[in-house]
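Secondary and tertiary structure notes
These are the residues of each chain, in order.
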Amino acid sequence: MVIDLAGVWEVKIEDEKYEVKIPGTLDESGIGGKDELLLKKEGREFVKAEGPIESRLTRKHFYMGEAAYCTKVSREAIEQIGENRVFLTVERSRALRLFVDGKEVEAISGTLATPYRFEVTGLLQEGSTIRLLCDNSYPDMPAANILYSSAATDETQTNWNGLLGKVGIEVFPKAFISGLWIYPKKEKVCVKATISSDREFKGILRLDSDAFKEAPEQAVELLKNSEVTVVFENIGINENALKWDEYEGNLYKCIAALIDENGKKLHEAASDFGIRDFGYDHEGRLTINGRRFFLRGEANCAEFPEEGHWPMDTGTWKSIMEKYKAYGLNCVRFHSHCPPEAAFEAADRAGIMVQPELSHWNPVDAFLPEHSFEYYKKELTEIITSYANHPSFVMLTLGNELHSTDEGVARMEELIKLARKADDTRLYAWGSNNFYGDKGANQKSDFYTGSDYRKTMLRATSAGMIGYLNREYPNSEHNFSEICSEIRKDYDKPIFGFEVGQYEILPDFDELEEFRGVSDPVNLRLVKEKAVAKGLVDDWKKYVEATGELALLCYREEVEAALRTPGMSGLSLLGIQDFPGQGTALVGMMNSHLEPKPFDFAKPERFREFFRAQLPLLQLPRYTYYLDEQVSGEIFIANYGRNDIKGKIEIEIIDDKTGTKLMHQTLESGEYKFGELSYGGKLGLRLPLLKKALLPVNPESEHGVCLRILVYIIGDDKEVISNSYNIWAYPRFTPERPASIYESKTFDDKAKKVLEEGGIVYLSPDSDAESLPHSIQAQFSTDFWSVGTFEFQEGGMGQYIDAEHPIFKHFPTKSHNQWQWWPMANGRAVMVREDIRPIIKELDSYSKLRPLAKLFECKCLKGRVLFSSMGLQQLQEYPEAKALLSAIYQYLDSEDFCPEKVLETADLEALFV
């Protein structure tokens, strides 16, 4: 029986008393002062910042310190308690102490990640005062590590102060079942039950479940004021019992009954559980129920801007898990925090795997301070015991990006050993991306997840825009097999990517209307005010769309590169959801409210096109070709579903502009084993043969064409598994500048003379900092994470291309970067006047919103000017650069070249000095 203590309580803070709603926080009751941004200094110290908070959401009410929550025990409660055992529980809080009528009661259990429990048997009377002292400054705890973690950082869920979830008095008989744990292993189940009694007791403990072949029982005998653990080993599982698996939330209930010598049932405890095995195979690949699967994860950083804390109800978490599934996710990593039980329950039902972590982010001296080591040992133990019966709970790490000394590492390994001894049905690791991969894989850990391995990247992009995606000419062949081979030299356990993605997207200002709770989106409002002041709002949604489409393209490359790597067990993204802190890192397909953004790029089905268990992969050496070439590629089938795929691979070549099918090819029938990346055959596409088919339906194709290669297979169950790739093909020629155009790398005297005489000038300087002193180095992708976090990044967000401009009549393009733009996108972008509307605008990070351009036109003096910062003359090795330069020449020599904007010579001179 539980006596609910929800209601209005009194809270005392620094001699002031307020009313507060429990369960709830001070923020939710409107209690607290002005939010204070704490800036991390050297080591683990924090200082307060001045001015409005631009880097994260602002709490409407801020309080950090001790708060005393008080309520009185009612007569009705005392009548229900009777002579029974009594415990006070608080599902979630901060550092928490209990006083009953002024006397402190020591907690039996309780951490930031698990419920607090106090035995109050014999202490409560009618009118007794319950006082719970909650302190979110974390005295005698590793405060800096906690405040840096997602469990308590104001960058996401806030460092709230309060009492959350189930707050009440639990009433039990004198002898009762105080704990019940079910551990399925292979085809057997081990059940452990703890019996507590404040008197001598003899009886039996009986188990029952529809999943068990039997209803076992054991004799139980306890002395007064004692506790005993009863273990049932090797309980048989019914042959028809359903396994818990990816997207299959099959659950059973185990009921434990405590019966005395007279056959009277004194107490009954029950728990849901799932039958599943989680581990890895002989090749170091993650498995569930013995089957290899591909981990498609997401880092949940506890972003809940309305409440400022985790939802505590299963219904909300069920909705969250369904949204994750809609995007193709099968695993959620809870970044440096552990969610409440409702999250585990929802994941159980959805068939979503979860990886909680300790409330721990320490990039300096993890586990070295004794109080830190002891606290995290307690938190680890309690997480494992509190959530043991949830089949979704498959992995755990000791925190995020931990650094320490050899002694600290030894303590990490001690904790792994402790965890494995307590529960060997899960996998454990020393941390996520510890030492940023510099120290390699830890031999005691069950898996390796990192952004790098000894300075070699395990993803396509990282801070500083390093990584192959922006540094190597694009193809669909890249994989991480080489780095996996290095890891395999001394580590034979699972490998999966860490915080993959982090491609920034411009903010959707419509989300401002959704903030109605404890968070004030000052940071987003400041961006909007800046955009309004710079005259950007009319086209803002187009800019959001362009950055979102580009981010989606980059996420796809990250995922497919991992799928192309046979040695990888998957990857964990960052992320599907916006991160409203750390400089405002809006990297998600969903906003901070976990709602899909209202744009086509953010539709779950588009992400799920490539983020799925089964996918054909076409490996091409490049995406751009000449029209007289042959396109060759190899096809592989990534099959991480439950069954083999049998069938023929079909290939269609489609004109992307008209949708006309130009060619169809069928490969020999094959069988593609589940758990494998299997070779499917070759693509051989002779572009000259397509040219004849293209011209009648797309006359412009003789200048350049975008083709879509559709690869699909129809399995025995008639399900179509498909993927598609765009390629671009151009005529082979050398661009010839018309005699009517003066082309120059500088705005020299001859250029001015030509303009004075009413001529045409094409300004095309080299794309380097020396030639363009007022420019930034752009890159193909959007910015990584945020300039607020990585201030050394230039901040470019990709190009917005005026795709309807006549200059692109013979150069097929969309309004955002696609692979044919890669050489040009990596050029420099110049600062221009805010009233210039570029043909190619370089979008800028929302922290700056500088007017940047790569291609614009204007009138000057009596003539006309086209300016390019892309350095096309230095890119003539690429078909796409030749084609673009040719398109520019044709445009400049046509009647379409009629710029409206007028610039002075000083405006053009300013670009070069």
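An account of the accompanying structure is given in this report. (Residues numbered from 1 in each chain as written. Predicted model: local features only at pLDDT ≥ 70, side-chain atom pairs only at ≥ 80, totals over all residues. Heavy atoms only, no water.)

1. A look at the overall build of the protein chain
A count of helices and strands for the protein chain gives 16 helices and 52 strands. In terms of its C-alpha atoms, the protein chain occupies a principal-axis envelope of roughly 110 × 70 × 45 Å. Evaluated residue by residue, the protein chain yields a buried proportion of 62% over its 913 residues. Considering only contacts within the protein chain whose residues lie at least 6 apart along the sequence, 71% involve residues at least 24 apart. Looking at the protein chain as shown, the accessible area adds up to about 34,900 Å², and 47% of this sits on carbon and sulfur atoms. Once the 108 positive and 146 negative side-chain charges of the protein chain are each reduced to a mean point, those two points are 2 Å apart. (Helix = DSSP H or I, 4+ residues; strand = E, 2+ residues; numbered from the N terminus. Buried < 20%, exposed > 50% of the residue type's maximum accessible area, 1.4 Å probe, protein only. Contact = heavy atoms within 4.5 Å. Areas by Shrake-Rupley, 256 points an atom, 1.4 Å probe, with all protein chains shown as cover. Lys, Arg positive; Asp, Glu negative; His and termini not counted. Charge placed at Lys NZ, Arg CZ, Asp CG, Glu CD.)

2. A few points about unusual backbone geometry
Along the chain, Ile22 connects to Pro23 via a cis peptide bond; the corresponding omega equals 0 degrees. Topologically, Pro23 is positioned in the loop between strand S3 (16-22) and strand S4 (24-25). Leu574 connects to Gly575 through a cis peptide bond whose omega is -10 degrees. Secondary-structure assignment places Gly575 in the loop between strand S36 (570-574) and helix H11 (604-608). Of note, the phi angle at Asp140 is positive, near 60 degrees, even though the residue is not glycine. The class of Asp140 is exposed, set by a relative accessible area of 74%. Backbone geometry places Thr584, a non-glycine residue, at a positive phi of 75 degrees. Judged by relative accessible area, which is 3%, Thr584 ranks as buried.

3. A few points about the packing of helix H3 (residues 314-326) against helix H4 (residues 341-350)
The description of two packed helices rests on the angle between their axes and on the distance between the axes. In contact at an axis separation of 8 Å, H3 and H4 are set at 45 degrees when each is read in the N-to-C sense. Considering the angle they form, H3 stands oblique to H4. Handedness of the H3/H4 crossing: right-handed. Taken together, the residues of H4 that come into contact with H3 (itself represented by Thr314, Trp317, Lys318, Met321, Glu322 and Lys325) are Ala342, Ala343, Glu345, Ala346, Ala347, Arg349 and Ala350. When grouped by side-chain class, the residues that make up the contact of H3 with H4 number seven nonpolar, one polar and five charged. (Axes fitted to C-alpha atoms, helices over the stretch in contact; angles between N-to-C directions. Parallel < 35°, antiparallel > 145°, perpendicular 65-115°, else oblique. Left-handed = near helix turned anticlockwise from the far one by under 90°. Nonpolar A, V, L, I, M, F, W, Y, C, P; charged D, E, K, R; others polar.)

4. Here's the deal with the sheet that holds strand S31 (residues 448-450)
The strand order across the open sheet formed by six strands is S28-S27-S26-S36-S34-S31, and the pairing between neighbours is parallel. Unpaired on one side and paired on the other, strand S28 (353-355) and S31 mark the two borders of the sheet. Averaged over all pairs of adjacent strands, the angle between their axes in this sheet comes to 25 degrees, without regard to strand direction. Direction of pairing for S31 relative to strand S34 (residues 495-501): parallel, over a ladder of three bridges. The partner of Gly450 across the bridge, within S34, is Gly497. Strands strand S26 (295-300) and strand S27 (331-334) of the sheet are contacted by H3, whose axis makes an angle of about 120 degrees with S27. (Pairing = 2+ DSSP bridges.)

5. Some thoughts on helix H8 (residues 481-488)
Within H8, burial applies to Ile483, Cys484 and Ile487. In an axial view of H8, the angular spread of the buried residues amounts to 100 degrees, which keeps them on one side of the axis. Contact partners of the buried residues in H8: S31, strand S32 (452-453), strand S33 (456-457) and S34. (Arc of directions from axis to C-beta.)

6. Here we look at the pairing of strand S39 (residues 630-639)
Within a regular beta strand, the side chains point alternately toward one face of the sheet and then the other, so they alternate between its two faces. Counting buried residues along S39, seven of its ten residues qualify, which places the element largely inside the surrounding structure. Strand direction decides the pairing type here: strand S37 (residues 614-619) and S39, joined by six bridges, are antiparallel. Within S39, the position partnered with Leu618 by the bridge is Ile635. In this structure, S39 lies alongside strand S42 (residues 676-686), joined through ten bridges in antiparallel fashion. When the sheet's bridge partners are listed, Ile637 is paired in S42 with Ser678.

7. Looking at the sheet that holds strand S8 (residues 66-72)
Strand order in this open sheet of six strands is S3-S2-S8-S14-S10-S11, and the pairing throughout is antiparallel. The open sheet is flanked by S3 and strand S11 (103-105), the only strands paired with a single partner. Here the average twist between neighbouring strands, direction ignored, is 30 degrees. Of the pairings in the sheet, the one linking strand S10 (residues 95-100) to strand S14 (residues 129-135) comprises six bridges and is antiparallel in character. Counted as the bridge partner of Val100 is Ile130 from S14.

8. Here's the deal with the nonpolar core
Counting 190 residues, the largest nonpolar core has Trp317, Met321, Phe367, Leu398, Phe607 and Leu872 as its most contacted members. By residue number, the principal contributor to this core is helix H10 (residues 540-563), which donates 13 residues. (Core = buried A, V, L, I, M, F, W, Y, C linked by side-chain atoms within 4.5 Å.)

9. Some words on the packing of aromatic side chains
One pass over the structure, following the stated rule, counts 45 aromatic pairs. Note on Phe780 and Trp819: the rings are 4.8 Å apart at their centroids and 10 degrees apart in plane angle, and the pair reads as stacked. With Phe780 in the loop between strand S47 (775-777) and strand S48 (796-801) and Trp819 in the loop between S48 and helix H14 (822-825), this pair connects stretches of sequence that are 39 residues apart. Residues Phe808 and Phe811 carry aromatic rings whose centres are separated by 6.5 Å and whose planes lie at 45 degrees to one another, so their mutual orientation is tilted. Of the two residues examined, Phe808 and Phe811, each falls in the buried class. Taken together, the ring pairs in this structure connect Tyr327, Tyr503, Tyr555, Phe607, Phe610 and Phe611 into an aromatic cluster. Across the ring face of Trp160, the terminal group of Arg94 is positioned such that the distance to the ring centre comes to 3.8 Å. Stacked on the ring of Phe435, the Lys or Arg Lys439 has its end atom at 5.1 Å from the ring centre. (Phe/Tyr/Trp six-rings, centres within 6.5 Å; stacked < 30°, edge-to-face > 60°. Lys NZ or Arg CZ within 6 Å of the ring centre and 35° of its normal.)

10. Notes on the environment of Gly759
Along the chain, Gly759 turns up in the loop between helix H13 (749-756) and strand S46 (760-763). Of the residues examined, Gly759 reaches a relative accessible area of 17% and is grouped as buried. Beyond its immediate sequence surroundings of up to four residues, Gly759 is in contact with Val754, Gly863 and Arg864.

11. Section: the environment of Ser149
With respect to the element layout, Ser149 can be found in the loop between helix H2 (143-148) and strand S15 (162-172). Distance from Ser149 to Thr813, taken between C-alpha atoms, is 43 Å for residues 664 residues apart in sequence. Look past the residues within four positions of Ser149 in its chain and what remains in contact with it is Ser336, Ser359, His360 and Trp361.

12. Examining the pattern of salt bridges
This structure, assessed with the given rule, holds 66 salt bridges. One salt bridge connects Arg612 with Glu719, and the closest N-O pair in it is separated by 3.7 Å. Remark: Glu719 occurs in the loop between strand S43 (705-714) and strand S44 (720-730) and Arg612 occurs in the loop between H11 and S37; sequence separation between them is 107 residues. By relative accessible area, Glu719 is classed as partly exposed at 36%. (Salt bridge = Lys/Arg side-chain N within 4 Å of Asp/Glu carboxyl O.)

13. Side note on the packing of helix H5 (residues 370-386) against helix H6 (residues 406-422)
At their nearest, the axes of H5 and H6 sit 10 Å apart, and the two run at 20 degrees to each other. The orientation of H5 with respect to H6, classified from their angle, is roughly parallel. As H5 packs across H6, the resulting crossing turns out to be right-handed. For the pair H5 and H6, the contacting residues are Glu370, Phe373, Lys377, Leu380, Thr381 and Ile384 in the first and Arg411, Glu414, Leu415, Leu418, Ala419 and Ala422 in the second. For the contact of H5 with H6, the residue count by class is seven nonpolar, one polar and four charged.

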